[in-house]
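For reference, the chains in residue letters:
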Amino acid sequence: MKILAIETSCDETAAAVTEGAKVLASVKWTQEVHAKYGGVVPALAKRAHEERIDQIIEQALFKAKTQVGEIKAIAVTAGPGLAIALEVGVKKAKELAEMYDKPLIPVNHIEGHILSAMAGQEGEREGAELRLPCAALVISGGHTQVIWVEKIGKYKILAESLDDDIGEALDKGARMLGLPYPGGPELEKLAAKGDPKRYMLPLPMARRKVKAFSYSGLKTAMYRLVETTKGGNRDLGEKEKSDLAASYQARVFEHLTRITRNVLGEMKGGISELLVGGGVAANTKLRGELETLGRELSIKVHYPENTVLCTDNAAMIGVAAGYKFSRGEYLTGQEIEKIDRRPRWRVDSGESF
Ligand code: KG4
Ligand code: ZN
């Protein structure tokens, strides 16, 4: 049962063909036009999606050695995300569903990140088995959430950020060190060469048992530290830069694991599985720290096996759609016309479309 999935919620134009949790093809084009602005510019994202979407869909179908006629259903990210960017994917998905008379499955982007941990590509583990209920950790540019997954479509937010999200905090810290956007992966490389103990940064909300994330104080402290270290207009030395990167990244992750421990450690009845998704889950250092936490709490931690399935992609949308389809959650005929983008669609809204 093949699904063609489309994702245009932010700055990646992506399409994929999936079958259950198996990824037959996943193609994405990262829009470089935003790099010089240090963040995503919605109008530019929309135009870039429009320019590339057809080509990306064709490539995904070609790689999966299939065509739209052989596809069982079309899936698309309906939200949350940038309204005018989402619109491009939703319009295209509706067009294809109507033209080829296929069911349409609108998917929540966060639900996609949650279920991405189950996805497997050719030559890797072929999709893991989903055991519910479980917990999920979504860590990306716009989300830092611990989520209770009762069943597909039924989610409860157990903890989230009061201000900046983790990916945003990493991106901003990276920018202070003169690294290009997106900063998370660049900071990871630099931090790998540095000493995380050289600089002292405050641990956010260090009081015991707090169950919310907060990164804005740490970010401000990093800004001051960088300015003090520069001491005027002097450029930072290579060693200073990598030590600053390592010290900052370590604190960002320490806060994440601490709060996650507070939440998961106290769950009634306990949990045995944690699904981790979102761009920041691509970080090797963090994966190691979450594994350690998993061992401590006797929780099995799942990630997308390939890190390209952590950052925004359409394969995770296809995998989530596969679960939804098997529950009969799809639209056909006249219902398709009513579907619209939902920029603020919360994953815990309980609404399947
Ligand atoms: O999931 P994603 O692609 O988009 C959102 O929905 O936000 O996540 C993007 C975020 C960016 O903040 C980026 O810096 C971060 O994920 N990221 C990383 C790594 N790769 C991407 N952060 C830390 N280490 C990485 N290797
Ligand atoms: Zn995302």
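Below or above, wherever it landed, is the structure these notes cover. (Residues numbered from 1 in each chain as written. Chains lettered and ligands numbered in written order. Predicted model: local features only at pLDDT ≥ 70, side-chain atom pairs only at ≥ 80, totals over all residues. Heavy atoms only, no water.)

Details of the site of ligand 1
Thinking step 1. Around ligand 1, the surrounding shell holds 20 residues, and the nearest of these are Gly-141, Asp-171, Gly-184, Glu-188 and Asp-312.
Thinking step 2. A distance of 2.8 Å separates an oxygen atom of ligand 1 from a polar backbone atom of Gly-141.
Thinking step 3. Within the contact set of ligand 1, an oxygen atom lies 3.0 Å away from a backbone nitrogen or oxygen of Gly-184.
Thinking step 4. Burial of ligand 1 by the protein chains amounts to 88% of its free accessible area of 550 Å².
Thinking step 5. In the shell around ligand 1, the residues fall into six nonpolar, eleven polar and three charged. (Near = heavy atom within 4 Å. Polar contact = N/O pair within 3.5 Å; in protein donor to acceptor, adjacent residues only side chain to side chain. Areas by Shrake-Rupley, 256 points an atom, 1.4 Å probe, with all protein chains shown as cover. Nonpolar A, V, L, I, M, F, W, Y, C, P; charged D, E, K, R; others polar.)

Section: the environment of Gly-322
Thinking step 1. Following the sequence through the fold, Gly-322 ends up in helix H9 (residues 315–326).
Thinking step 2. Sequence-wise, Gly-322 and Ala-250 are 72 residues apart; in three dimensions their C-alpha atoms are separated by 37 Å. (Helix = DSSP H or I, 4+ residues; strand = E, 2+ residues; numbered from the N terminus.)

A short note on the packing of helix H6 (residues 216–230) against helix H7 (residues 238–265)
Thinking step 1. Two elements in contact, H6 and H7, have axes separated by 11 Å at closest approach and are oriented at 165°. Here H7 runs roughly antiparallel to H6, going by the angle between their axes. In this structure, H6 meets H7 at a crossing whose hand is right-handed. On the side of H6, the interface is formed by Leu-218, Lys-219, Met-222, Leu-225, Val-226 and Thr-229, while H7 contributes Glu-240, Leu-244, Tyr-248, Arg-251 and Val-252.
Thinking step 2. Looking at side-chain class alone, the contact of H6 with H7 contains seven nonpolar, one polar and three charged residues. (Axes fitted to C-alpha atoms, helices over the stretch in contact; angles between N-to-C directions. Parallel < 35°, antiparallel > 145°, perpendicular 65-115°, else oblique. Left-handed = near helix turned anticlockwise from the far one by under 90°. Contact = heavy atoms within 4.5 Å.)

Observations concerning the sheet that holds strand E3 (residues 22–30)
Thinking step 1. The strand order E5-E4-E1-E2-E3-E6 describes an open sheet built from six strands, whose pairing is mixed. If you trace the sheet from one side to the other, it starts and ends with strand E5 (104–108) and strand E6 (120–121), each paired once.
Thinking step 2. For strand E1 (residues 2–7) and strand E4 (residues 73–79), the ladder comprises four bridges, and the chain directions are parallel. Looking at the pairing, Ile-6 lines up with Val-76 of E4.
Thinking step 3. Helix H1 (residues 42–63) rests against E1, strand E2 (12–19) and E3 of the sheet, and its axis sits at about 25° to E2. (Pairing = 2+ DSSP bridges.)

Let's talk about the packing of aromatic side chains
Thinking step 1. One pass over the full model with this rule turns up one aromatic pair.
Thinking step 2. Between the aromatic rings of Phe-325 and Tyr-330, the centroid separation amounts to 4.5 Å while the plane-to-plane angle is 20°, which identifies the pairing as stacked.
Thinking step 3. Between the NZ or CZ atom of Arg-52 and the centre of the ring of Trp-29, over which it lies, the distance is 3.8 Å.
Thinking step 4. The ring centre of Tyr-303 lies 4.4 Å from the NZ or CZ of Arg-287, which sits over that ring. (Phe/Tyr/Trp six-rings, centres within 6.5 Å; stacked < 30°, edge-to-face > 60°. Lys NZ or Arg CZ within 6 Å of the ring centre and 35° of its normal.)

As for the pattern of salt bridges
Thinking step 1. Taken as a whole and assessed by the stated rule, the structure comprises 26 salt bridges.
Thinking step 2. Between Glu-87 and Arg-341 there is a salt bridge, with the nearest N and O atoms lying 2.8 Å from each other. Of the two residues, Glu-87 sits in helix H2 (residues 83–100) while Arg-341 sits in the segment after helix H10 (335–338), which places them 254 residues apart along the sequence.
Thinking step 3. Overall, the relative accessible area of 31% leaves Glu-87 in the partly exposed class.
Thinking step 4. Given the relative accessible area of 26%, Arg-341 is considered partly exposed.
Thinking step 5. The partner of Arg-342 in a salt bridge is Glu-351, with the nearest N and O atoms 2.6 Å apart.
Thinking step 6. Residue classification places Arg-342 among the partly exposed positions, given a relative accessible area of 23%.
Thinking step 7. What emerges from the salt-bridge pattern is a single network uniting Lys-46, Glu-50, Glu-87 and Arg-341. (Salt bridge = Lys/Arg side-chain N within 4 Å of Asp/Glu carboxyl O. Buried < 20%, exposed > 50% of the residue type's maximum accessible area, 1.4 Å probe, protein only.)

What about the environment of Asp-312?
Thinking step 1. Its place among the elements puts Asp-312 in the loop between strand E11 (300–302) and H9.
Thinking step 2. In this structure the C-alpha to C-alpha distance between Asp-312 and Gly-112, which are 200 residues apart in sequence, comes to 9.1 Å.
Thinking step 3. Residues within four places of Asp-312 in sequence aside, it is in contact with Glu-7, Ser-9, Cys-10, Glu-12, Lys-28, His-109 and His-113.
Thinking step 4. In terms of polar contacts, Asp-312 uses its side chain to reach the side chain of His-109, at 3.1 Å.

Side note on the side chain of Ser-9
Thinking step 1. Examined against the element boundaries, Ser-9 turns out to sit in the loop between E1 and E2.
Thinking step 2. If near-sequence neighbours (up to four positions away) are discounted, Ser-9 is found in contact with Thr-77, Pro-80, Gly-81, Leu-82, Ala-85, Leu-86, His-109 and Asp-312.

Focus: the coordination of the zinc ion (ligand 2)
Thinking step 1. Those protein atoms acting as donors to the zinc ion (ligand 2) are His-109 (NE2), His-113 (NE2) and Asp-312 (OD), and they sit at 2.1 Å.
Thinking step 2. What the four donor atoms of the zinc ion (ligand 2) show is an angle range of 93 to 141° at the metal, which sorts the shape as irregular. (Donors = N, O, S within 2.8 Å, 3.2 Å for Na, K, Ca; no water. Tetrahedral: all angles 85-135°; square planar, octahedral: opposite > 155°, others 65-115°.)

As for the pairing of E5
Thinking step 1. Most of E5 is tucked away: five of the five residues are buried.
Thinking step 2. Where E4 and E5 come together, five bridges link them in parallel fashion. Following the sheet pairing, Val-76 is matched in E5 by Pro-106.

With respect to the nonpolar core
Thinking step 1. Membership of the largest hydrophobic core comes to 49 residues, with the highest contact counts inside it found for Ile-139, Ile-166, Leu-177 and Val-276.
Thinking step 2. Breaking this core down by element, the ones donating at least two residues are strand E7 (134–139), helix H4 (166–176), helix H5 (183–191), H6, H7, strand E10 (273–277) and helix H8 (284–297).
Thinking step 3. The element contributing the most residues to this core is H7, with ten residues.
Thinking step 4. The contact partners of Ile-166, leaving out residues within four places of it in the chain, are Ile-139, Ser-140, His-143, Thr-144, Tyr-215, Val-252, Phe-253, Leu-256 and Val-280.
Thinking step 5. Ala-5, Ile-157, Met-316 and Val-347 belong to the second-largest nonpolar core, a separate cluster that totals 37 residues. (Core = buried A, V, L, I, M, F, W, Y, C linked by side-chain atoms within 4.5 Å.)

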